[in-house]
Amino acid sequence: MESFLQIAPHSLAIVLSRVGAGEALGGRVSESDEFPRHHTGYEIFADFKAENTQHHVWNQRITEAVSETFFLGWIDEHVLLIQGKEDHLEVLREGWMRRSLNPPRGFTIKYLAAVKEKLGCISLGIGLE
């Protein structure tokens, strides 16, 4: 088995996919329904936090877990890197598996991954490790 080194302990990569406005809104689009234009990865992270803290009053575990995470980075225009306590990251993994974790507006969550390094190359350990 190949060995990997985790380069950012207690971190999680959220792999996103952009959604077209018409597709995300069921084909109906008005000027007020347009998705925000994010300029930085941090803005996408802030929107991710807002979507999961304001809309999860019924799920306090997700609200607490998301509010305790920190922005690590934004890679290749679709990978949001976050960091937090391992138990909070586990709540996010469970929330994603149960389809109760909300993506930032204008995106869908393709999958969650662990961030690992092998021979100097960063790779995403796909899955819910």
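Calculation rules
- Residues numbered from 1 in each chain as written.
- Predicted model: local features only at pLDDT ≥ 70, side-chain atom pairs only at ≥ 80, totals over all residues.
- Heavy atoms only, no water.
- Axes fitted to C-alpha atoms, helices over the stretch in contact; angles between N-to-C directions.
- Helix = DSSP H or I, 4+ residues; strand = E, 2+ residues; numbered from the N terminus.
- Parallel < 35°, antiparallel > 145°, perpendicular 65-115°, else oblique.
- Left-handed = near helix turned anticlockwise from the far one by under 90°.
- Contact = heavy atoms within 4.5 Å.
- Nonpolar A, V, L, I, M, F, W, Y, C, P; charged D, E, K, R; others polar.
- Salt bridge = Lys/Arg side-chain N within 4 Å of Asp/Glu carboxyl O.
- Buried < 20%, exposed > 50% of the residue type's maximum accessible area, 1.4 Å probe, protein only.
- Pairing = 2+ DSSP bridges.

- Per an unreviewed UniProt entry, the protein chain goes by the name Storkhead-box protein 1-like and belongs to Pundamilia nyererei.

### Details of the packing of helix α3 (residues 60-67) against helix α4 (residues 86-97)
So, step 1. One way to put it is that α3 packs onto α4 with a least axis distance of 9 Å and a crossing angle of 130 degrees. Regarding the angle of α3 to α4, the classification is oblique. In this structure, the crossing between α3 and α4 has a hand that is left-handed. Together, Arg61, Ile62, Glu64, Ala65 and Val66 of α3 and His88, Val91, Leu92, Glu94 and Gly95 of α4 make up the contact between the two elements.
So, step 2. Taken together, the residues of the contact of α3 with α4 break down into five nonpolar, two polar and three charged.

### Thoughts on the pattern of salt bridges
So, step 1. As enumerated under the stated definition, the model contains five salt bridges in all.
So, step 2. The shortest N-O distance in the salt bridge between arginine 105 and glutamate 51 comes to 3.5 Å. Taken together, the residues span a long stretch of sequence, with arginine 105 in the loop between α4 and β4 (107-118) and glutamate 51 in helix α2 (residues 41-54) at a distance of 54 residues.
So, step 3. Salt bridges here are not isolated pairs; linked through shared partners, they connect Asp47, Glu51 and Arg105.

### Structural notes on α3
So, step 1. Along α3, the residues that are buried comprise Ile62, Thr63, Ala65 and Val66.
So, step 2. Looking at the buried side of α3, the elements it contacts are α2 and α4.

### Digging into the pairing of strand β2 (residues 70-75)
So, step 1. As paired strands, β2 and strand β3 (residues 79-83) are joined by five bridges and run antiparallel to one another. In the strand pairing of β3, phenylalanine 70 is matched with glutamine 83.
So, step 2. Counted along the chain from β2 to the antiparallel partner β3, the turn is three residues long, and its residue aspartate 76 has a positive phi close to 55 degrees.

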